[in-house]
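Letter by letter, the chains look like this.
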Amino acid sequence: GENVEQHPSTLSVQEGDSAVIKCTYSDSASNYFPWYKQELGKRPQLIIDIRSNVGEKKDQRIAVTLNKTAKHFSLHITETQPEDSAVYFCAASGQAGTALIFGKGTTLSVSS
Amino acid sequence: DVKVTQSSRYLVKRTGEKVFLECVQDMDHENMFWYRQDPGLGLRLIYFSYDVKMKEKGDIPEGYSVSREKKERFSLILESASTNQTSMYLCASSLLAREQFFGPGTRLTVL
């Protein structure tokens, strides 16, 4: 079955810096790669996703890149702000809407 | 606005008890999922369902079962609760080809 590895497990940056979180997956049949943000005590919420027919997607300060050949995808957050502090999870599945396999999460801390 | 609700935010049970965790969504989603979340382990898939009365095992189904008698409701059952099932349980739902929406979670403690 699918296995998703996520690095780093913790990341500390200064406000205004960029943050990058990387994930690798094992199943070449995976075609959908979402990123979820979970603030303390709250439910995970989708922040961005990418499908396998696209190499990069951007939404304001957040971007995701996908390299299907190497089976890895990354989350890029630019101009970080304290409210970006949260746990971020990557995931993979065959298509959107189907069962997700998650990475173990990255705790991002942005200090002002 | 999608709403996924779970029957309890906090639950304390004794070892050996039968435990029911209920999840309801109000957006006519076909797909529903149960995950457990533990520190350092992320979210792990327990069971999922793509239709009423249909269920599929996820990565960690041992010790759990599920029931989906109606489209909007997906129940997770711990047949005989054990201390290693102490965890945060998250329900999610989705339409096919769309994102998953999560419920608020149930923090279960088994004593």
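Residues numbered from 1 in each chain as written. Chains lettered and ligands numbered in written order. Predicted model: local features only at pLDDT ≥ 70, side-chain atom pairs only at ≥ 80, totals over all residues. Heavy atoms only, no water.

Enquirer: What is the right way to read the overall build of chain A from this model?
Expert: In terms of helices and strands, chain A carries zero helices and 11 strands. Expected size for 112 residues packed as a compact globule is a radius of gyration near 13 Å; at 13 Å, chain A falls within 12% of this value. Along the longest, intermediate and shortest principal axes, the C-alpha atoms of chain A span 40 × 25 × 20 Å. Here chain A holds 112 residues, and 45% of them are scored as buried. (Helix = DSSP H or I, 4+ residues; strand = E, 2+ residues; numbered from the N terminus. Rg over C-alpha atoms; globule rule 2.2 N^0.38 Å. Buried < 20%, exposed > 50% of the residue type's maximum accessible area, 1.4 Å probe, protein only.)

Enquirer: Sorry if this is basic, but what is going on with the sheet that holds strand 8 (residues 73-78) of chain B here?
Expert: Backbone-to-backbone hydrogen bonds join strands into a sheet, with any given pair of strands oriented parallel or antiparallel. Residue and element names in this part refer to chain B. Across the sheet, which stays open at both edges, the four strands sit in the order 1-3-8-7 with antiparallel pairing between neighbours. Looking at the sheet topology across the chains shown, the edges are occupied by strand 1 (4-6) and strand 7 (64-70). Taking the axes of each pair of neighbouring strands and ignoring which way they run, one obtains an average angle of 20° across the sheet. For strand 1 and strand 3 (residues 19-25), the ladder comprises three bridges, and the chain directions are antiparallel. The partner of Val-4 across the bridge, within strand 3, is Gln-25. (Pairing = 2+ DSSP bridges. Axes fitted to C-alpha atoms, helices over the stretch in contact; angles between N-to-C directions.)

Enquirer: So what exactly am I meant to see when it comes to the nonpolar core here?
Expert: Most often, soluble globular proteins have nonpolar side chains that are buried together. Of all hydrophobic cores here, the largest spans 41 residues; its most connected members are A:Trp35, A:Phe73, A:Leu75, A:Phe102, A:Leu108, B:Tyr35 and B:Phe102. Sort the elements by how many residues they give to this core and strand 9 (residues 86-92) of chain A lands first, with six residues. Excluding anything up to four places from it in sequence, A:Leu108 contacts A:Leu11, A:Val13, A:Ala19, A:Ile77, A:Asp84, A:Ser85, A:Ala86 and A:Tyr88. Counting residues in each nonpolar core, the second largest holds 20 residues, with B:Met32, B:Trp34, B:Ile46 and B:Tyr89 among its members. (Core = buried A, V, L, I, M, F, W, Y, C linked by side-chain atoms within 4.5 Å. Contact = heavy atoms within 4.5 Å.)

Enquirer: Got a minute to help me understand the sheet that holds strand 1 (residues 4-7) of chain A in this structure?
Expert: Residues and elements named next belong to chain A. Across the sheet, which stays open at both edges, the five strands sit in the order 1-3-8-7-6 with antiparallel pairing between neighbours. Edge positions in the sheet fall to strand 1 and strand 6 (56-59), since each of these pairs with one other strand and no more. Mean inter-strand twist for the sheet, computed between neighbouring axes without regard to direction, equals 15°.

Enquirer: Help me out: how do you make sense of the interface of chain A and chain B in this one?
Expert: By a widespread convention, an interface's size corresponds to the accessible area lost as its parts come together. Tallying the contact residues gives 19 residues for chain A and 25 residues for chain B. For the pairing of chain A and chain B, the buried interface totals around 1600 Å² over both sides, and the portion due to carbon and sulfur atoms is 55%. Applying the counting criterion to the chain A and chain B interface returns zero salt bridges. At the boundary of chain A and chain B, one finds 11 residue pairs in polar contact (both at pLDDT 80 or more). Among the secondary structure elements, those contributing two or more residues to the side of chain A that touches chain B are strand 4 (32-38), strand 5 (45-51) and strand 10 (101-102) of chain A. Tallying contributions element by element places strand 4 of chain A first for the side of chain A that touches chain B, with three residues. (Buried area = accessible area lost by both parts, 1.4 Å probe. Salt bridge = Lys/Arg side-chain N within 4 Å of Asp/Glu carboxyl O. Polar contact = N/O pair within 3.5 Å; in protein donor to acceptor, adjacent residues only side chain to side chain.)

Enquirer: Got a minute to help me understand the state of the cysteines in this structure?
Expert: Between two cysteines, a covalent bond joining their sulfur atoms is known as a disulfide. All names here are of chain A. Throughout the structure, instances matching the rule amount to two disulfides over all chains. Through a disulfide, Cys-23 is tied to Cys-90; the S-S separation comes to 1.9 Å. Its torsion about the S-S bond being -100°, the disulfide of Cys-23 and Cys-90 is classed as left-handed. Of this pair, Cys-23 sits in strand 3 (residues 19-25) while Cys-90 sits in strand 9, and the two are 67 residues apart along the sequence. (Disulfide = S-S within 2.5 Å.)

Enquirer: How should I be thinking about the pairing of strand 3 of chain A in this particular structure?
Expert: Moving residue by residue along a regular strand, the side chains alternate between the two faces of the sheet. All names here are of chain A. Here strand 3 shows a clear split, with Ala-19, Ile-21, Cys-23 and Tyr-25 buried on one side and none of Val-20, Lys-22 and Thr-24 buried on the other. When strand 1 meets strand 3, the two strands line up antiparallel, connected through four bridges. Bridged to Gln-6 within strand 3 is Cys-23.

Enquirer: How should the pairing of strand 7 of chain B be read in this particular structure?
Expert: All names here are of chain B. Where strand 7 lies against strand 8, five bridges are found, and the strand directions are antiparallel. Among the inter-strand pairings, Val-66 is bridged to a residue of strand 8, identified as Leu-76. Between the end of strand 7 and the start of strand 8, which pair antiparallel, lie two residues.

Enquirer: Can you walk me through the environment of B:Ser7 in this structure?
Expert: Residue and element names in this part refer to chain B. Its location among the elements puts Ser-7 in the loop between strand 1 and strand 2 (10-13). Taking the relative accessible area as the measure of exposure, Ser-7 reaches 47% and is therefore partly exposed. Separated by 59 residues in sequence, Ser-7 and Val-66 have C-alpha atoms that sit 15 Å apart. Every residue in contact with Ser-7, bar those within four places of it in the chain, is listed here: Leu-21 and Glu-22.

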